[in-house]
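# Summary of structural features
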Amino acid sequence: MRIVAQPLKEPINHLLLIATNTSGATCDLYFAPNLRFGQEQSPLAELTDSKPQSMVTLAPGESGYAGVLTSSADGSGHNGRTATGLSVGLPGRDGKGSIGGAVQVALPGGSVYVDDSAWVTYWQANPREATAW
């Protein structure tokens, strides 16, 4: 699996995570990715309203998507900080742990501003669904 983070112009303060199946077999993306910015102890909150009808299944070469709100647009978030690292883990079928451990993903421009309002969507099969929140 190859995972990249791309900035979005709209909605503001969002990233798009793209997970591409680089294997020769079908694989499934369960729940939401486990994200940690910098040295955070706890993963980012999941946006429960984004839960799809079913898991995302990827054939070889296909991609799945998750939207990430990094900070509130109106300044209502607290404990703002600049993060220079992003750790991404893929939960297993039971929603616990991380299959294969977490990987470090480069942030666009090397850093991103994050506050306590940050969240991540569940994996989606379509980038428009991942960025609709």
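Residue positions are given per chain, counting from 1 as you read along its sequence in written order. With the structure being a predicted model, the display of local features is reserved for residues of pLDDT at least 70 and the display and counting of side-chain atom pairs for 80 or more, all residues being used for whole-chain, interface and lining totals. Calculation of side-chain values draws on the structure's entire complement of heavy atoms; hydrogens and water are dropped beforehand.

## Observations regarding unusual backbone geometry
The condition that has to hold: Runs of E in the DSSP output that reach at least two residues are strands. Runs of H or I that reach at least four are helices, and both are numbered from the N terminus. A simple rule labels every residue: compare its accessible area, found with a 1.4 Å probe on the protein chains alone, to the largest value its type can have, and call it buried under 20%, exposed over 50%, or partly exposed in between.
Here E10 and P11 are connected by a cis peptide whose omega angle stands at -10°. In this structure, P11 sits in the loop between β1 (2-7) and β2 (14-20). Notably, F31 is not glycine yet its phi reads approximately 55°, a positive angle. Along the chain, F31 turns up in the loop between β3 (27-29) and β4 (34-37). Positive phi, normally seen in glycine, also occurs at N79, with a value near 55°. With respect to the helices and strands, the residue N79 is situated in the loop between β7 (63-69) and β8 (81-83). Looking at N79, the relative accessible area reads 57%, which means it is exposed.

## Points about the sheet that holds β2
Spelled out, the test is: A pair of strands counts as paired when DSSP detects no fewer than two bridges linking them.
Overall, mixed pairing links the five strands, which are arranged β1-β2-β7-β12-β5 in an open sheet. Of all strands in the sheet, those with a lone pairing partner are β1 and β5 (45-46), marking the two edges. Sheet topology note: the β7/strand β12 (residues 119-120) ladder contains two bridges and is antiparallel. Considered in β12, the bridge of V68 is made with V120.

## Overview of the nonpolar core
Here is a general trend for soluble globular proteins: nonpolar side chains tend to be buried in one another's company. The criterion, for reference: In plain words, nonpolar cores are sets of buried Ala, Val, Leu, Ile, Met, Phe, Trp, Tyr and Cys residues tied together by side-chain atoms within 4.5 Å. By definition, residues are in contact when any of their heavy atoms lie within 4.5 Å.
The biggest cluster of nonpolar side chains holds 27 residues, and the ones touching the most others in it are L17, L35, F37, V68, L86 and W123. Breaking this core down by element, the ones donating at least two residues are β1, β2, β3, β4, β6 (56-58), β7, β9 (86-89) and β11 (112-114). The dominant element in this core, judged by the number of residues it contributes, is β2, at three residues. When neighbours within four sequence positions are excluded, L17 is seen to be in contact with I3, V4, A5, P33, L35, G64, Y65, A66, V68, L86, V88 and W123.

## Brief notes about the side chain of T121
Filter applied, for reference: Within 3.5 Å is the distance limit for a polar contact, defined as a pair of N or O atoms, with the added protein rule that one can donate a hydrogen and the other accept it, and that residues adjacent in sequence qualify only through two side-chain atoms.
Note on placement: T121 falls in the loop between β12 and α1 (127-130). A relative accessible area of 0% places T121 in the buried class. In terms of polar contacts, T121 uses its side chain to reach the backbone amide nitrogen of G67, at 2.8 Å.

## A word on the sheet that holds β9
Stated precisely, the cut-off is as follows: Every axis in this analysis is a line fitted to C-alpha atoms, fitted for helices over the stretch in contact. Angles between the N-to-C directions lie between 0 and 180 degrees.
Spatially, the three strands line up as an open sheet ordered β4-β9-β10, and their pairing is antiparallel. The open sheet has two edge strands, β4 and β10 (103-105), and neither has a second partner. Each strand of the sheet is rotated relative to its neighbour by a mean of 30°, with strand direction disregarded. With three bridges connecting them, β9 and β10 associate as antiparallel partners. Bridged to S87 within β10 is Q104.

## Side note on the pattern of salt bridges
Counted only if it meets this: Salt bridges are defined as contacts in which a side-chain nitrogen from Lys or Arg sits within 4 Å of a carboxyl oxygen from Asp or Glu.
For the structure shown, the criterion picks out two salt bridges. With a closest N to O distance of 3.0 Å, R81 and E40 form a salt bridge. Here R81, found in strand β8, pairs with E40, found in the loop between β4 and β5; they are 41 residues apart in sequence, far enough to count as distant. Of the residues examined, R81 reaches a relative accessible area of 27% and is grouped as partly exposed. Connected through salt bridges with shared partners, the residues E40, R81 and D116 form a single ionic network.

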